[in-house]
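Per-entry structural report
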Amino acid sequence: MVIRRMPVLAALLAWLTFFPARVVLAEPVRIGVDIPLTGAAADIGNYLLWGVEIALEEANREGGALGRAIEATILDDETSPDKAAENATRLIGQDKVAAVLGPANSGNALAIIPLMQQARKPLMLLTASATKLTLIYRDAPENYIFRATLPDREQIRALIAWASGQFSRIAIACDTTPYGQLARQDMVDLLAEKGLSPVAVVQFDQGDLDMTAQARELSRTPAEAVAVLSLSPEVAAFVRSADAVGYRPRFIGQYPFFLRSVKDLPVRLSNGLTGVLGSAPEDSPKARELDHLVRSRYRHEGYYPFKFVEAAYEGAKITVQAIRAAGSEDGEAIRRALESLERFEGVSRVFEHPYSKDRHELYRAENLSIGVWQDGAIRRLEK
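Below, the structure is looked at part by part. What you are looking at is a predicted structure, and each value in this text was computed from that prediction instead of being measured.

1. Focus on the packing of helix 4 (residues 81–93) against helix 5 (residues 106–119)
Helix packing for two helices is described by the angle between their axes and how far apart those axes are. Following both chains from N to C, one finds helix 4 and helix 5 inclined at 25°, their axes separated by 8 Å at the closest point. Overall, the two elements helix 4 and helix 5 adopt an arrangement that is roughly parallel. In this structure, helix 4 crosses over helix 5, and the sense of that crossing is right-handed. Residues Pro81, Ala84, Ala85, Ala88, Thr89 and Ile92 of helix 4 touch helix 5, and the partners they reach there are Gly107, Asn108, Ala111, Ile112, Leu115, Met116 and Ala119. Across the contact of helix 4 with helix 5, the residue classes break down as 10 nonpolar, three polar and no charged.

Structure (structure tokens):
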């Protein structure tokens, strides 16, 4: 198990200008973080770690919460649902956190959501995007599950709004995880709203590298475009496998189309890959500031998926804002505060009434654009 407590020494020293030492030394407000730092989604986990660390250090410079410093307990879920559940149990029972940020994966989220709901602790989903996650307890008297990124259904709605104007014959290639299966169902449902249905559906397991059989199967269909619904390593593997059998349709997909494994494809293979695209560093002064912090602090050069850092930053900051508004570490009070916030200043936009009792999603389809890889860079398409 990887356990990291976010350093607070620098923040505490900064606090000396705001509070007397006896307050600074009070027990910190604890927030749990469950993300993959190893395993198939480790690249996503590191982007989330950057956003959370930057957000909470900024929050501590602003005075922390409840007159105390904020401390994050960061646990590696190893991209494993069982490990995620173990982490959530620890964060709730041993660490007594006020709320939990994460995880990255929908399968892991499904494993911890019942634990968070039972404990009456808010869970702020960062990149776990399966549509149903915030709806599982929608009809319960209280729903403790919130999200800081766009759910799959809205991502796929934006993708189909673009793709259906370009192609009438679309196939689906998806993995067998909850993420892939729930995204497949969203795509089937939303294609039906356009009077379309997939011309074929093929499946593969997470971790598969050879998907030539599935690519050959699709090559025998009239598909003009193939939606690959999986994580970035599997998207890249599918594109390579299709190339190996000479199959070159238009590949379309979600946020994972802009992660490292896809970026690392040869340009001749990445050219034309098209997916939903969130915010970019040039979208606002705050986005430029966040990008600068990522590059200076983590010594990062070149491209990275800014949206994932943004989601973690915003998820952490809005959770802190709710703790401050609640005036308490009590989970029920924080949930009520999240549902009642009047305004949240995000990285690239301001959200008025970001959540409500019946809506636990921060983003909507209109917040997205469509991006395409072109000569090793991403070009944003006009809506």
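From this point on, the discussion continues.
2. Things to note about the side chain of Thr212
Here Thr212 shows up in helix 8 (residues 212–219). With a relative accessible area of 18%, Thr212 lands in the buried category. Setting aside its immediate chain neighbours within four residues, Thr212 contacts Ser241, Ala244 and Val245.

3. Some remarks on the sheet that holds strand 14 (residues 369–374)
The strand order across the open sheet formed by seven strands is 8-7-9-10-11-14-15, and the pairing between neighbours is mixed. Across the chains shown, the open sheet's two edge strands, defined by having one partner strand only, are strand 8 (201–204) and strand 15 (377–381). Averaged over all neighbouring strand pairs, the angle between strand axes comes to 30°, with direction disregarded. The strands touched by helix 8 are strand 7 (170–175), strand 8 and strand 9 (225–229); relative to strand 8, the strand with the most contacts, the crossing angle is about 175°.

4. Section: the pairing of strand 9
The buried count for strand 9 comes to five of five residues, which makes it a mostly enclosed element. Neither face of strand 9 is left uncovered, since the one carrying Ala225, Ala227 and Leu229 and the one carrying Val226 and Val228 both have all their residues buried. Two strands pair when backbone bridges link them, and strand 7 and strand 9 are joined in this way by five bridges, in the parallel orientation. Bridged to Ala171 within strand 9 is Val226. With helix 9 (residues 232–244) bridging strand 9 and its parallel neighbour strand 10 (residues 250–253), the resulting β-α-β unit is right-handed.

Cut-offs used in this document
- Residues numbered from 1 in each chain as written.
- Predicted model: local features only at pLDDT ≥ 70, side-chain atom pairs only at ≥ 80, totals over all residues.
- Heavy atoms only, no water.
- Axes fitted to C-alpha atoms, helices over the stretch in contact; angles between N-to-C directions.
- Helix = DSSP H or I, 4+ residues; strand = E, 2+ residues; numbered from the N terminus.
- Parallel < 35°, antiparallel > 145°, perpendicular 65-115°, else oblique.
- Left-handed = near helix turned anticlockwise from the far one by under 90°.
- Contact = heavy atoms within 4.5 Å.
- Nonpolar A, V, L, I, M, F, W, Y, C, P; charged D, E, K, R; others polar.
- Buried < 20%, exposed > 50% of the residue type's maximum accessible area, 1.4 Å probe, protein only.
- Pairing = 2+ DSSP bridges.
- Right-handed = clockwise from strand over helix to strand, strands pointing away.

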